[in-house]
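Breakdown of the fold
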Amino acid sequence: MTILQVASLLIVLAGAFGAINYLFLRLPSSIGILVVALLASLVVMGLDLAFPALGMTNEIRIVVNEIEFSEALLEGMLGLLLFAGALHVKMGDLRQQGWVVALMATIGIGISTVIVGYGFSWLMGAPILIALVFGALISPTDPVAVLGVLREANLRKELETKIAGESLFNDGVGYVVFLVLVGIAFPTGDAHGEGLEGAAKLFVQEALGGAILGAVLGYLVFQVMRRIDDYALEVLLSLGLAFGGYQLAVYLHMSGPIMAVVAGLFIGDVGVKYGMTEQTRRYLDGFWELVDEILNAILFLLIGIEVFAVAFSMDAMLSGVIIIALALFARLMAVAVPIIMLKPFRTFPSDVIPIMTWGGLKGGISVALALSLPDSEWKPAILTATYVVVIFSIIIQGLTIAPLANKLGREPDLL
């Protein structure tokens, strides 16, 4: 299938599944599309088991593999989704929660990676380096899923900023940690460095380089916007920044996700305040909100049909259930340790740890990273475990986090 045919198919399916959800399930849009896609996929697989002559599963698996989910997300959609999410997080609010966000996106990711890695190694018997790779890809919270959930809950502003800021930055940091560990664990595959020295250089180049590139490109685009009063052109410039900046970061071996977040924060705060008219702000917000909704729908559709790319077995499913508990415990530690570290210097409401733990949703990024791994005997087990954790996280946590947040973390005047 050509790229245009694949894109057309995905848009048609996303619209059709979205309509089914709206008319019958009434779930939040993205989660509903995922549920319908997953149910449709399981029905097809069930029909194939009952009537093997149909051969539908193999045919659909070929189409799904042609889509190349990992490449489509990591090198295409991710930059736009992160840029759109960062546009609505104000730097002033983020600065107030800076230490919390920074510690959770660094120390928190490290803690979670180690806990999940050693747990996976003990449970599955995997070599520790490969197990740590799994820990790195399953530890970041997915900003796409998290920001979607925030729309459903009336959270206090400071708690919303913590969750949104952490999800945006720990995604970029987690991706860099993943690249570093892959380079060490698979030296004959897509190696990104040799030994600890190469890993350290890669981390600095990816993380720091991505942040600097995002700030520089964001500033340059802002300077152009200041001199223009044409909302269509300014929206086009923002799209070029998200698309082109991400690809430039990839070309320069810098972190595209971190670049997109920093550039989005800059345009969404400084650019909106000082470089746009009110008309441009409305069109910019409307455009990126629409982009976010459409790409969210397609992404969650892709997650639902990726079940065709996963090799399931009873042992793998049982292990996946245990790994869900392991991932939740790792998330709890990733949230609790930074907060405990900061408690001598500031106070935290009692609802912060439970809401941020349960609201740390995993998503398409983890699946994409698992699919991008070099072929090895452990890749099927990692992919299955990742998929089980992601499906549980999006459907179960995603559908219950808003009621939990509304109960524990609402604005005082909404209680």
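All values derive from a computational prediction rather than experimental measurement.

For the chain, the count of helices and strands is 17 helices and zero strands. What you see for the chain is a C-alpha radius of gyration of 21 Å, in line with the 22 Å of a compact globule of 415 residues. If one aligns the C-alpha atoms of the chain with their principal axes, the spans along those axes are about 65 × 50 × 50 Å. The burial tally for the chain puts 53% of its 415 residues in the buried class.

Moving on, we come to the pattern of salt bridges. Side chains carrying opposite charge are able to pair once their charged atoms draw close together. Counted by the stated rule, this structure contains four salt bridges. For aspartate 269, the salt bridge goes to lysine 273, with nearest N and O atoms at 3.5 Å. Of this pair, aspartate 269 and lysine 273 both sit in helix α12 (residues 256-274), four residues apart, roughly one helical turn. Taking the relative accessible area as the measure of exposure, aspartate 269 reaches 7% and is therefore buried. A salt bridge links lysine 379 to aspartate 375; its shortest N-O distance comes to 3.6 Å.

Side chains of Phe203, Val204, Leu208, Ile212, Val216, Tyr219 and Leu220 sit close together on the surface and give an oily, nonpolar patch of about 630 Å² of accessible area. Locating isoleucine 212 in the fold gives a position in helix α10 (residues 195-226). Under the relative-accessibility criterion, isoleucine 212 is labelled partly exposed at 48%.

Moving on, we get to a negative patch on the surface. On the surface, a cluster of negative charge is contributed by Glu66, Glu68, Glu71 and Glu75. As for its placement among the helices and strands, glutamate 71 is situated in helix α4 (residues 69-87). We classify glutamate 71 as partly exposed; its relative accessible area is 44%.

So, how was this worked out
Residues numbered from 1 in each chain as written. Predicted model: local features only at pLDDT ≥ 70, side-chain atom pairs only at ≥ 80, totals over all residues. Heavy atoms only, no water. Helix = DSSP H or I, 4+ residues; strand = E, 2+ residues; numbered from the N terminus. Rg over C-alpha atoms; globule rule 2.2 N^0.38 Å. Buried < 20%, exposed > 50% of the residue type's maximum accessible area, 1.4 Å probe, protein only. Salt bridge = Lys/Arg side-chain N within 4 Å of Asp/Glu carboxyl O. Patch = residues over 30% accessible without salt bridge, like charges linked within 9 Å, V, L, I, M, F, W, Y side chains within 5 Å. Areas by Shrake-Rupley, 256 points an atom, 1.4 Å probe, with all protein chains shown as cover. Lys, Arg positive; Asp, Glu negative; His and termini not counted. Charge placed at Lys NZ, Arg CZ, Asp CG, Glu CD.

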